[in-house]
Amino acid sequence: MSTDATTGATTDVELAITGMTCASCANRIERKLNKLGGVTATVNYATEKAKVSYPGTVSTDDLLATVEAAGYAAALPTPPSADGPGTPDDAPEPDPLRQRLLVSAVLSVPVIAMGMVTAWQFTYWQWASLVLAAPVVVWGAWPFHRAAWTNLRHGATTMDTLVSVGVLAAFGWSLWALFLGTAGEPGMTHPFRISIDRTDGAGNIYLEAAAGVTTFLLAGRWLEHRSKRRAGAALRALMELGARDVAVLRDDASGGRSEVRVPIDQLVVGDLFVVRPGEKVATDGEVVEGSSAVDASMLTGESVPVEVRPGDAVVGATVNAGGRLVVRATRVGADTQLARMARLVEDAQNGKAEVQRLADRVSGVFVPVVIGLSVATLGFWLGAGGGATAAFTAAVAVLIIACPCALGLATPTALMVGTGRGAQLGILIKGPEVLESTRRVDTIVLDKTGTVTTGEMTVHEVVAAEGESVEDVRRLAAALESASEHPIGRAIAASSPSSVSRDEMDGIEPGARPERPQIPDVEGFANREGLGVEGVVDGHAVVVGRPSLLADWSQHLPESLAAAVERARDEGRTPVAVGWDGQARGVVVVGDTVKPTSAEAVRRLRDLGLEPILLTGDNEAAARHVAAQVGIDTVVADVLPADKVAEVQRLQAAGKVVAMVGDGVNDAAALAQADLGLAMGTGTDVAIEAGDLTLVRGDLLVAVDAIRLSRRTLATIKGNLFWAFAYNVAALPLAAAGLLNPMLAGAAMAFSSVFVVTNSLRLRGFRSAV
């Protein structure tokens, strides 16, 4: 887009932001960018990206400088060529936060053990603790110190501020006690005393608190970072669905045309390219030669392959299931439907409400209150004539007891136990921010194909004409279709009692024959593209396909078979006519099948207070038929991926909190747009990455368990946070009064941590409702 300032045109750019530690960081960057003239910016903390529209009077350098002036780093998008396979984006990257966590944990364990267990406090143990704790406090906690300094420069406080101040205060006081007090003397111990005695603090060290808090908080930060690092995987997986190269037809020296294999990015509008059976269509185009069945379910959700012939449009990344096609490219690159779907997923993610972590939300009030209380304590003791040592001891005690050791465990432990139990039940939860939506959800949108139904073509009914045998119709149709590669043909062939599955063949000894009736041999097989198949079976001239194909052979359907065809179409299924020896003999009805657990799952979702809606790319008749079987009243059919997103947005605009269950690429953008996305694990990688919850087993009943477990995990996290703060708040008055000795302070912190972990472990007892 033009950036001419005189026309008021703007340019869109997406910046990668680094250095954010909480949602308040994202808000600060957003405010700074929006202060630039003509700039509209949205910063997403979850994806660590800023979507910015800016006029010609502002350059990208201005945008980068503004972000850097706010204390963070920004980078322009990576060129598209860097996104392909084998690039550094796909290669394993070093994880400095994980390394920082592991080193800190190794150094902290002996420090905590020596500080809390009197029997292990050998001579000069305090100096050994100092040697081990110093790298943790300085290097391990550096991300917290850096973030606290950045926030301080902008007059803000977050959890990082409290962690940094508390850790440095504990470490600083320990240094004072070791070098200038009595804590450094040989034989010093922390005796276990229940009584609360006023002390000057000269013999107390808090190294175990400084090192332990740092390690626990690093663990929580690493878990969050790992989840956010995967935020772009849906887009990468979506773009990887497309073909990598393409066979383009070029004029050769002899005046004919030859195929030349070129990378997909060299394809231009107007090029003719070849798509063989089983290959992906390279880009959006129009069929010039050939006819075939194209599997477009990834885009439309339609379970039946689409018949295409010259003049029909095809979409990039769909699969050619039949004959050879020659296609003229009509759209390439960023203009293709696949690229537009990628943008839909990205826009839906960027437009999602940012969910600030519960701990950060509470700390927004808790942190400044604690710091203010610590300063007030120092002032009170100095004013009351208690002496500088006693005053500083009480002030530091306030910071130490308030330092969020249990708070750092509250979310990660509940999440780890909840997600671990979920994995055993076939449920994958992506992160703590997912859980908040589950409590508020009141509407659940269900995709049809592959979610409520199996997504596989099967034979539902075989209707024989008067005087004919159903078994003869099935046997002859299956025999003829066994030579076909069409998906409908394969479903008919598989329905014959004489057919042998691939798994059964694997169990048969080489050279042996399966012990069941054999499929008759087919002679003179011919495929009438887009219409059906013909051939000779057991001496009968058999025709299987559309009723129009039989009409071409003057085999008109009698009234009973015509009624069966209409009934099948009304139910959204595909009727296949069968005739032999010059007469129409039967109809085979093929279609998708409702999963056996879907109706029960819909009933249980209603019991959870959710209103189910069926949303599908299939036709209205098929959708209504499925909805009636599972007990869904509201149906939205004949929708494209963009329409699915629009329907979710419409429900949200009406005040609904929407959950979406889907399994295909066509569902990815809607899964990202929904307040809660549940992806079937039997579906595509794109849907799984775009969803918030993954249902590994592909059973809709698991969606019921997913919502129940998510709500239970969220309740546990909230309970953990409440008690973590409650312990701190209860001990704060004792610390401010100078009545909290180091052993009791350490015991209170340890007990609060044990309580949080124990409370989280209760999630292991969660039972499936299935």
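Owing to the predicted nature of the structure, the values given are computational and were not obtained by experimental measurement.

**What to know about the UniProt feature "transmembrane region" (unreviewed entry) in the chain**
1) Next: UniProt feature "transmembrane region" (unreviewed entry): in the numbering of this structure it lies at residues 101-118, 124-142, 162-183, 203-223, 362-384, 390-411, 720-737 and 743-761.
2) Next: Within the segment residues 124-142, helix and strand shares are 89% and 0% respectively, and the terminal C-alpha atoms sit 27 Å apart.
3) Next: This span, residues 162-183, is 82% helix and 0% strand, and a straight line between its end C-alpha atoms measures 25 Å.

**Some thoughts on a nonpolar patch on the surface**
1) Next: Taken together, Val 103, Val 138 and Trp 139 make up a surface patch of nonpolar side chains, about 250 Å² in accessible area.
2) Next: Looking at the secondary structure, you find Val 138 in helix H4 (residues 125-140).

**Some points on the pairing of strand E19 (residues 540-545)**
1) Next: Here strand E18 (residues 532-537) pairs with E19 via six bridges, running antiparallel. Note that in E19 the partner of Gly 535 across the bridge is Val 542.
2) Next: Of the pairings in the sheet, the one linking E19 to strand E20 (residues 574-580) comprises four bridges and is antiparallel in character. By the bridge assignment for E20, Gly 545 is matched with Ala 577.

**What about the nonpolar core?**
1) Next: Grouped together as the largest cluster of nonpolar side chains are 48 residues, with contacts concentrated most on Ile 444, Leu 446, Leu 614, Val 661, Leu 678, Leu 695 and Leu 700.
2) Next: Residue contributions to this core peak at 11 residues, all from helix H26 (residues 700-736).
3) Next: Within the second largest apolar cluster, 47 residues are counted, among which are Val 137, Val 163, Tyr 206 and Val 213.

**Comments concerning the sheet that holds strand E10 (residues 306-308)**
1) Next: Read from one edge of the open sheet, three strands run E10-E9-E12, paired in antiparallel fashion. Both edges of this open sheet fall to E10 and strand E12 (319-320), since each of them pairs with a single strand only.

**Some details on the pairing of strand E3 (residues 49-55)**
Looking down a regular strand, the side chains alternate between one sheet face and the other.
1) Next: Bridging between strand E1 (residues 10-18) and E3 involves seven bridges; their strand directions are antiparallel. By the bridge assignment for E3, Glu 14 is matched with Lys 51.
2) Next: Of the strand pairs in this sheet, strand E2 (residues 40-44) and E3 are connected by five bridges, and their pairing is antiparallel. Counterpart to Thr 40 in the pairing with E3 is Ser 53.

**Observations concerning helix H3 (residues 96-116)**
Because the α-helix completes a turn every 3.6 residues, residues three or four places apart line up on one side.
1) Next: The terminal C-alpha atoms of H3, which comprises 21 residues, lie 30 Å apart, in line with the 30 Å expected from a rise of 1.5 Å per residue.
2) Next: Of all the bends in H3, the greatest reaches close to 30 degrees and is centred on Ser 108; the proline Pro 110 follows between one and four positions later.
3) Next: When H3 is considered as a whole, its buried residues turn out to be Leu 97, Arg 100, Leu 101, Ser 104, Leu 107, Ser 108, Val 111, Met 114 and Gly 115.

Definitions and cut-offs
- Residues numbered from 1 in each chain as written.
- Predicted model: local features only at pLDDT ≥ 70, side-chain atom pairs only at ≥ 80, totals over all residues.
- Heavy atoms only, no water.
- UniProt positions renumbered as here; feature names shortened; annotations may be inferred.
- Helix = DSSP H or I, 4+ residues; strand = E, 2+ residues; numbered from the N terminus.
- Patch = residues over 30% accessible without salt bridge, like charges linked within 9 Å, V, L, I, M, F, W, Y side chains within 5 Å.
- Areas by Shrake-Rupley, 256 points an atom, 1.4 Å probe, with all protein chains shown as cover.
- Salt bridge = Lys/Arg side-chain N within 4 Å of Asp/Glu carboxyl O.
- Pairing = 2+ DSSP bridges.
- Core = buried A, V, L, I, M, F, W, Y, C linked by side-chain atoms within 4.5 Å.
- Buried < 20%, exposed > 50% of the residue type's maximum accessible area, 1.4 Å probe, protein only.
- Expected span 1.5 Å × (residues − 1).
- Bend = angle between axes of the 7 residues up to and from the residue.

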